[in-house]
Amino acid sequence: MPIRSSTRAGARLGRRAFVSTATLFSFAFLVGSGARSVSADAAVTFYVFLHAQTGAQALQKMFEDALPGVSVRVFSRAKDFENSVRQRPDAVLALLPVLQAQGYAIHLQGQRGGSPAERYVLLSQKPVSASSVRSIGAVDLLGRSRMPAFVSKLLGGNSPEVTPVTKVADLLPLLQFDKVDAVVLPERSVGWLKSRTRVPLQVSDLPSGQVGLPAMSFLSPAGQRLRELAPKWSPAIRAEIGVDSWR
Amino acid sequence: MAMTRRWLRPLALLGLAGALLGACSRAQVDVRSGAGEFGGTPRRAGFDTVLVFLPNTPRVRPVWTSLTDELSEEFDVEAVEIAPSSRPDVVAAAIARHSPRCVVLLDNTTTALYARYQASAGPGGYPPAVILLTSFVDLYSEVEDAVGIAYEVPLVTSASNLRTFISRPIERVGVVHRSAFAGHVKHQAALARVEKLELVATAVPDDATPRELAAALSSLLGSNVDALWVLNDNALLTPEHIRLGWLPLLAKDAVPTIVGIPSLVTRDVAFGTFAVVPDLSALGVQAANVIYDLKDNDFVLEAGRIDQPLSVETVIDVERARVDFGFKEEMREEAGAVSR
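1. What to know about the overall build of chain A
Of regular secondary structure, chain A possesses nine helices and twelve strands. Put simply, chain A has 247 residues, and 49% of those count as buried.

2. So, the confidence of the model for chain B
Looking at chain B as a whole, the pLDDT averages 87, with 87% of positions reaching at least 70. Across residues 22-35 of chain B, confidence stays below pLDDT 50; counting only partners more than four residues off in sequence or on other chains, it has 30 contacts.

3. Focus on the interface of chain B and chain A
Taken residue by residue, the interface counts 34 residues in chain B and 27 residues in chain A. When chain B packs against chain A, the two sides together hide about 2,600 Å² of surface, and 45% of this comes from carbon and sulfur. When residues of chain B are sorted by the area they lose upon contact with chain A, B:Glu73, B:Leu310 and B:Glu334 head the list and together hold 23% of the total. Taken together, the connections running from chain B to chain A amount to six salt bridges.

4. Side note on the sheet that holds strand β2 (residues 75-81) of chain B
Residues and elements named next belong to chain B. Ordered in space as β2-β1-β3-β4-β5-β11, the six strands form an open sheet in which the pairing is parallel. Whereas interior strands pair on both sides, the edge strands pair on one side only; in this sheet they are β2 and β11 (306-307). Here strand β1 (residues 48-54) runs beside β2; their pairing, made up of seven bridges, is parallel. Each residue of the ladder has a partner; that of Val50, found in β2, is Val77. Lying on the sheet, helix α2 (residues 60-71) is in contact with β1, β2, β3 (102-106) and β4 (129-132); it crosses β2 at an angle near 160°.

5. Notes on the layout of surface pockets
Which parts of space are left empty comes out when a probe the size of a water molecule is rolled across the atoms. Taken as a whole, the second largest pocket encloses approximately 900 Å³ of empty space. In terms of lining, the second largest pocket is formed by 35 residues, of which the most central are A:Glu161, A:Thr163, B:Asn289, B:Val290 and B:Asp293. With eight residues, helix α10 (residues 280-296) of chain B is the single largest residue contributor to the lining of the second largest pocket.

6. Digging into the packing of helix α8 (residues 210-221) of chain B against helix α9 (residues 239-252) of chain B
All names here are of chain B. Where α8 contacts α9, the axes come no closer than 8 Å and their chain directions differ by 20°. One way to sum up the angle between α8 and α9 is to call them roughly parallel. Between α8 and α9 the crossing geometry is right-handed. Where α8 abuts α9, its residues Pro210, Leu213, Ala214, Leu217, Ser218 and Leu221 lie against Glu240, His241, Leu244, Gly245, Trp246 and Leu249. A class-by-class count of the residues in the contact of α8 with α9 yields eight nonpolar, three polar and one charged.

7. Quick notes on the domain arrangement of chain B
Accessible area lost on assembly of the parts is the figure often given for the size of an interface. Residues and elements named next belong to chain B. Domain annotation for chain B reports domain 1 (21-152 + 278-312) and domain 2 (155-277 + 314-338). When each unit is reduced to the centre of its C-alpha atoms, the spacing between domain 1 and domain 2 is 31 Å. Contacts between the two partners involve 13 residues from domain 1 and, on the opposite side, 16 residues from domain 2. Note on domain 1 versus domain 2: buried area summed over both sides is about 1,200 Å², and carbon and sulfur give 65% of it. There are zero salt bridges connecting domain 1 and domain 2. At the surface where domain 1 touches domain 2, the tally comes to one residue pair in polar contact (both at pLDDT 80 or more). Of all elements in the fold, only α1 (5-23) and α5 (137-140) reach the threshold of two or more residues within the side of domain 1 that touches domain 2.

8. As for helix α3 (residues 88-98) of chain B
Residue and element names in this part refer to chain B. Here α3 has its buried residues at Val91, Ala94, Ile95 and His98. Seen along its axis, α3 keeps its buried residues to an arc of 95°; they face one direction. For α3, exposure combined with an orientation more than 90 degrees from the buried face picks out Ala96 and Arg97. Where α3 is buried, its residues contact β1, β2 and α4 (108-121). Directly after α3, the chain includes Ser99, whose backbone phi takes a positive value near 45°.

9. Overview of the side chain of A:Ser124
Residue and element names in this part refer to chain A. Looking at the secondary structure, you find Ser124 in strand β5 (residues 117-124). In this structure the side chain of Ser124 is engaged in a polar contact, spanning 2.6 Å, whose partner is the backbone oxygen of Lys126. Discounting chain neighbours no more than four positions away, the residues touching Ser124 are Leu175, Asp181, Ala182, Pro200, Leu201 and Gln202.

10. A word on the pattern of salt bridges
On inspection of all chains with the given rule, the structure shows 26 salt bridges over all chains. Between B:Glu171 and A:Arg198 there is a salt bridge; the shortest N-O distance is 2.7 Å. One end of the pair, B:Glu171, is in the loop between α6 (155-165) and β6 (172-178); the other, A:Arg198, is in the loop between α7 (190-194) and β9 (202-204), on a second chain. Among the residues examined, B:Glu171 registers a relative accessible area of 30% and is labelled partly exposed.

About the thresholds
- Residues numbered from 1 in each chain as written.
- Chains lettered and ligands numbered in written order.
- Predicted model: local features only at pLDDT ≥ 70, side-chain atom pairs only at ≥ 80, totals over all residues.
- Heavy atoms only, no water.
- Helix = DSSP H or I, 4+ residues; strand = E, 2+ residues; numbered from the N terminus.
- Buried < 20%, exposed > 50% of the residue type's maximum accessible area, 1.4 Å probe, protein only.
- pLDDT = per-residue confidence, 0-100.
- Contact = heavy atoms within 4.5 Å.
- Buried area = accessible area lost by both parts, 1.4 Å probe.
- Salt bridge = Lys/Arg side-chain N within 4 Å of Asp/Glu carboxyl O.
- Pairing = 2+ DSSP bridges.
- Axes fitted to C-alpha atoms, helices over the stretch in contact; angles between N-to-C directions.
- 1 Å grid on protein atoms, 1.4 Å probe; cavity = no way out; pocket = protein on both sides within 12 Å on 5 of 7 lines; lining within 4 Å.
- Points joined across faces, edges and corners; volume = space filled by probe spheres on them.
- Parallel < 35°, antiparallel > 145°, perpendicular 65-115°, else oblique.
- Left-handed = near helix turned anticlockwise from the far one by under 90°.
- Nonpolar A, V, L, I, M, F, W, Y, C, P; charged D, E, K, R; others polar.
- Domains from an automatic or database assignment.
- Polar contact = N/O pair within 3.5 Å; in protein donor to acceptor, adjacent residues only side chain to side chain.
- Arc of directions from axis to C-beta.

Structural data, given as structure tokens:
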């Protein structure tokens, strides 16, 4: 609307028009800011490297639903994750030993039952012990070259051959086809894996079987926004990733 | 069953699936000449080379990516794109140039070409070969000094996966097979016993007609099988065999049908209930495991060893499973892709 101020009425009209126009511009600015804010959120990249029982796709969908506007990627292959984090996402979520191996600072540590770590065990067809087992299947958390040392530590120093897989479910065929003496996995996944087979499986303890739970590292100011959101994730997400609180 | 117009589209879809199966055993797409899309690793002093022969097709790419990622720590990896028109001298030239410690053969066409190369070059002196994405490699491979990972998901994996999705008990699984597949079926039956699965097999002639297929299916279904397992045998999956053999019998007797091609699970036609296929990215990791094992064994291989694929993806007709077979709703998230 053109501003006309040649008469008092015209001046009032002009002021009203100015206010109206200013209001319009202010509104546009606010809306624009909101739109920019949504766009800024959409630019937040969040990389997750965890092995949920439901699978990577389902876990990704859960995070996407919980974090609208955040670009989420869930990885199931260690090398894929390792190669991709070079793109510097804003935040990462992975097991503590994974983040430590990548040299990330830990900003939030997941807890379950008050502990930042969970118990890993051996699962096998025949009785085995941590000191005698000669071949192990394991979900690849750290990459092929680092997994033997990780497994050896769990076994209290024994260094069996390690066959890496990319999903917890893939540990079962290793046992069905007798490809390994045992598989190593979180104790909380044992019931799930056993429910998928009629092969009688035995659980054996590990002398040093504690592994750090999922933790988060925020790699940019934008990623910091996720710090407040993590504690609000749904019970379903927390159950999938095995965490009930954060510290 | 009279052919009506409403069957034309679904049959066309199933026919396409059959064609895709057939394409596994013959040329697929033309490959661009030149360097192609598959870059390898840089050459590094002191690193052994793994030479990967592969066609430029979509399903090869996730295998290539994960295989290269896994091998790159200890091997140089080079790709040689194979076209439908490629000749054995392409293979010979690549081997002469790269002196690989090991070769990987991806796809039926590539494997067949490599076998022709060996036949023309004469016996002995080949690097060990790892065969992937090749149909019924346990039956048909003519490559010397080779090991492989089967492309077909073993019944024990498919059926035990199916059990997790439905409440209907799966104890006896029926399969109709041509005589040529008898050895494969026998091996699958042995593997399945670990999960207390009984495989009930009925053989048909190698040139079985749809009518003969229907008769065999009728006999199987009459013996109270809990599910049917459909082999990736394109001779029994022609449009005529599907229309006159499979569908009439499946319409009478609702049993879950396990297939090896996702496009056979479709709401348009009550054929496949549950498809199980190899997870291609994980297959690359498994292939890398084989190659690292070879390295540990100084590249002396246990020729003829064929491993089963460990990792799979599933497609399930949730609606049909829910109505007929007791789909477990708590498995909805894990169901992965569902039929559209």
